[in-house]
Amino acid sequence: MSQSSELIQSAQRTIRLELEAVNGLLPHIDADFVRACEMILASKGRVVVVGMGKSGHIGNKIAATLASTGTTAFFVHPAEASHGDMGMITRDDIILALSNSGSTNEIVTLLPLIKRLGIQLISMTGNPESPLAKAAEVNLNVHVEHEACPLNLAPTSSTTAALVMGDALAVALLEARGFTAEDFAFSHPGGALGRRLLLKVEHVMHAGDELPKVQRGTLLKDALMEMTRKGLGMTVILEADGTLAGIFTDGDLRRSLDRAIDIHHATIDQVMTTHGKTARAEMLAAEALKIMEDNKINALVVVDSEDRPVGALNMHDLLRAGVM
């Protein structure tokens, strides 16, 4: 067997074993998992994640995921906790302790102090009979049959299982809190992600004189002139009272030509899309993008609380703004 074949087989075996480890978590999403979620949701403090070695690296990631999805959390190194960092933890906090064996010395050493302070403890271990699991109010079982390491020594499947359980916990809490895209944005203000999530429709829409608009009854040829002047590939159609009657886009024009509509004599009422999908100025631009994608359209009218058009935007605007 060639070395390349051996490398491929090794990698595939690793992935299969880790898939088995993740699938093995499904039966462990049970009453203990629900209790852990309820404890965190009811807490007035933060989630303090602790873990040594590879479990510490996973714990760091779990803390970061919790913090970015609505659950205030941070990581404390358990060895440092024994030398002063326990002062970072209050009685209102909840400790989430990761240890595959459940007997990591640096964490077990902290248990008497955690109990004395009355701090609630959630463990995440691969051994429900371990000292850590037994000391915790609830244990999240992340037991795996085999590590992906052929020596069954290096933390591989076990750390993957812990990471996935942490994600499951974070997402369950996110949904229970009703965490929104806008909430998420304030945890991710930097870079492309921040631009995508913090930008609102009002920041990218065309308003005032830039908004193409015509009244009901306008001849189609005059509506096309308005579209050409404003250059958005669409126009808004207004009712007599100024509320939204419909929208007409380049796509509607192509469909009208297929129907052999006489563009010189037809009115906009005959060819417009009645009312159409809309957005609000205070909406996140990312939400407007989702409306467009879900409905397979390229433009949106922005309306106020009385359904009066105040702006418009299209896919090109969102692309230029870095939302896409």
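Before reading on, note that the structure itself is shown above.
Cut-offs and rules
- Residues numbered from 1 in each chain as written.
- Predicted model: local features only at pLDDT ≥ 70, side-chain atom pairs only at ≥ 80, totals over all residues.
- Heavy atoms only, no water.
- Helix = DSSP H or I, 4+ residues; strand = E, 2+ residues; numbered from the N terminus.
- Rg over C-alpha atoms; globule rule 2.2 N^0.38 Å.
- Buried < 20%, exposed > 50% of the residue type's maximum accessible area, 1.4 Å probe, protein only.
- Contact = heavy atoms within 4.5 Å.
- Areas by Shrake-Rupley, 256 points an atom, 1.4 Å probe, with all protein chains shown as cover.
- Pairing = 2+ DSSP bridges.
- Axes fitted to C-alpha atoms, helices over the stretch in contact; angles between N-to-C directions.
- Parallel < 35°, antiparallel > 145°, perpendicular 65-115°, else oblique.
- Left-handed = near helix turned anticlockwise from the far one by under 90°.
- Nonpolar A, V, L, I, M, F, W, Y, C, P; charged D, E, K, R; others polar.

**Student:** Would you mind showing me how to read the overall build of the protein chain here?
**Tutor:** Across its full length, the protein chain carries 16 helices and 12 strands. The globule rule puts the C-alpha radius of gyration for 324 residues at 20 Å, and the 28 Å found for the protein chain is more than 25% above it. When burial is assessed residue by residue, the protein chain has 44% of its 324 residues classed as buried. In the protein chain, of all internal contacts separated by at least 6 residues, the share reaching a separation of at least 24 is 62%. Summing over all exposed atoms, the protein chain offers an accessible surface of approximately 16,500 Å²; the carbon and sulfur share of this is 54%.

**Student:** Can you walk me through unusual backbone geometry in this structure?
**Tutor:** Note on backbone geometry: most residues besides glycine have negative phi, and most peptide bonds are trans. Phi angles above zero are rare outside glycine, and His-275 is one such case at about 60°. Along the chain, the position of His-275 falls in the loop between strand S9 (273-274) and strand S10 (278-280). For His-275, a relative accessible area of 27% translates into the label partly exposed. We note that Lys-296 has phi near 55°; this positive angle belongs to a residue other than glycine. Structurally, Lys-296 is set in the loop between helix H15 (285-295) and strand S11 (299-303).

**Student:** Just checking my understanding: could you explain the pairing of strand S5 (residues 138-141) for this structure?
**Tutor:** Here is the key point about a regular strand: its side chains alternate between the two faces of the sheet. Side chains Val-138 and Leu-140 of S5 all project onto a buried face; the interleaved residues Asn-139 and Asn-141 project onto the opposite face, where all are buried too. Sheet analysis places strand S4 (residues 120-125) next to S5, joined by 4 bridges and oriented parallel. The residue of S5 that forms the bridge with Ser-123 is Asn-139.

**Student:** I'm lost on the sheet that holds strand S3 (residues 94-99) in this one. Help?
**Tutor:** Neighbouring strands of a sheet are bound in pairs by backbone hydrogen bonds; such pairs are parallel or else antiparallel. Pairing within the open sheet is parallel, and its 5 strands lie in the order S2-S1-S3-S4-S5. Each edge of the sheet is formed by a strand with only one pairing partner; in this case those strands are strand S2 (73-75) and S5. On average, adjacent strands in this sheet sit at an angle of 20° to one another, irrespective of strand direction. Examined bridge by bridge, strand S1 (residues 47-51) and S2 share 3 bridges and lie parallel to one another.

**Student:** Help me out: how do you make sense of the packing of helix H1 (residues 3-23) against helix H8 (residues 157-177) in this one?
**Tutor:** How two helices pack is summed up by the angle between their axes together with the distance between the axes. As a packed pair, H1 and H8 sit with axes 9 Å apart at the nearest point and diverge in direction by 40°. Taken together, the axes of H1 and H8 are oblique relative to one another. The way H1 lies across H8 gives a crossing that is right-handed. Facing H1, whose interface residues are Leu-17, Glu-18, Ala-21 and Val-22, H8 presents Ser-157, Thr-160 and Val-164. Among the residues forming the contact of H1 with H8, the class breakdown is 4 nonpolar, 2 polar and 1 charged.

Everything listed here is a matter of geometry and, on its own, says nothing about what the molecule does.
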